[in-house]
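# A look at the structure
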Amino acid sequence: MDVGGTSVRAGVVDEQGALLDTTRVGTPSDEGALEDAISGVVEELRNRHDVAAAGLAVAGFVGTDRRTVMFAPHLAWRAAPVAERIAKRVGLPVTLEHDANAATLAEHRFGAARGAKVAALVAVGTGIGAGLLLDGEIYRGAHGVAPELGHLTVVRGGRPCPCGKYGCWERYCSGTALAATAIELLAKHPGRSTVLAREAAGDPGSVTGRRVAGAARDGDPIAQLAMTELSRWLGEGLALVADVFDPEVMVVAGGVSESSPLFLDEAREHYAAAITGSRHRPLARIRTAQLGDDAAIVGAATLAREAAAR
Ligand SMILES: [Zn+2]
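Described below are features of the structure shown in this document. (Residues numbered from 1 in each chain as written. Predicted model: local features only at pLDDT ≥ 70, side-chain atom pairs only at ≥ 80, totals over all residues. Heavy atoms only, no water.)

## Comments concerning the coordination of the zinc ion
Defined as follows: Metal donors: N, O and S atoms at distances within 2.8 Å, or within 3.2 Å for Na, K and Ca, with water omitted from the atom set so that some sites may seem incomplete. Metal sites are grouped by the angles between bound donors: all angles between 85 and 135 degrees with four donors is tetrahedral, opposite donors over 155 degrees apart with the others between 65 and 115 is square planar for four donors and octahedral for six, and any other pattern is irregular. Throughout, exposure labels follow a simple rule: accessible area from a 1.4 Å probe, protein chains only, divided by the maximum for the residue type, with under 20% read as buried, over 50% as exposed, and the rest as partly exposed.
Note on the zinc ion: its protein donors are His151 (ND1), Cys161 (SG), Cys163 (SG) and Cys168 (SG). The metal-donor distances range over 2.0 to 2.3 Å. One way to put it: the 4 donor atoms around the zinc ion meet at angles of 105 to 115°, and that makes the site tetrahedral. The exposure class of Cys163 is partly exposed, given its relative accessible area of 39%.

## Focus: unusual backbone geometry
The cut-off we apply is this: In this description a helix means any DSSP run of H or I spanning at least four residues, a strand means any run of E spanning at least two, and both kinds are numbered starting from the N terminus.
The peptide bond linking Ala146 to Pro147 adopts the cis configuration, its omega dihedral lying at -10°. Take Pro147: it is sitting in the loop between β11 (137-138) and α4 (175-188). Within the chain, Asp135 stands out as a residue other than glycine whose phi angle is a positive 50°. Residue placement: Asp135 occurs in the loop between β10 (128-134) and β11.

## Description of the environment of Leu185
Which entries qualify depends on this criterion: Whether two residues are in contact is decided by their heavy atoms: any pair within 4.5 Å suffices.
The residue Leu185 is located in helix α4 in this model. A C-alpha to C-alpha distance of 8.0 Å links Leu185 and Leu225, two positions 40 residues apart in sequence. Apart from the residues within four sequence positions on either side, Leu185 is in contact with Ile222, Leu225 and Ala226.

## Side note on the pairing of strand β12 (residues 249-253)
Here is the rule we go by: For two strands to pair, DSSP has to find at least two bridges joining them.
Across the 5 residues that make up β12, a large majority, 5, are buried. Neither face of β12 is exposed, since Val249, Val251 and Ala253 on one face and Met250 and Val252 on the opposite face are all buried. For strand β9 (residues 119-124) and β12, the ladder comprises 5 bridges, and the chain directions are parallel. Residue pairing across strands places Ala119 opposite Val249, the latter belonging to β12.

Shown next as structure tokens:
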């Protein structure tokens, strides 16, 4: 299951990482109702398949015991023993993992980071979600909450972030950031845009990351400038990540990665220019994710299967 702020998505996954069946339900705001909803989707899928274990991927901090959700900004759980509660309800072994970690594991077992010993995943969507694999294992840090790559400060005193800081990487490199950059550029260069300016004049809220990517594809100069900015921030941010972890491969995932032909080659150039000693070291391959939206479900199920087999 992938337990997010808007929906609980669930799937049945086989040993090869194939998704055999899926279902989803809206995320209730109350704790008990959320756990009811989760056991509901498990029961629904068990009616159609022989299920041996259940894995939960959660958008939030998971405790070092990996049985507890410490904090999830868009979910009701606060220091809640979620794995035990769900296991009791459904009568199956239950594992718990951070959603980006689960997605990273899935890309490692079945997708773009297959076979890599050291890999990083950067999911560029509304914000940035990130996961790290060191020696083929998910790296969770000393307290279970690593890595928060999206909140690395890339511009001191820069754009405000909902996390309370300023200038976080995800404020410059995400779908949200793409829209913010386009709106700034429209104000700076009145009359240069065709498609985007018309839309923004009608309703500024309509300028979303997705729309900017679409306008860039249609040749809108301001949208293309905003994409160029995104490529730069992505490349420079990935260089920071590579300076710390020296990965073999970095996987760019998330909603924005669907537009990767518009920015990925340019991001690779910025990455190569920004990394330390680039001419004297092998550079990590930068690849787009292969499992799309399903990666967290596949990863959670794989962790559940591996834990049950132990
Ligand atoms: Zn932040």
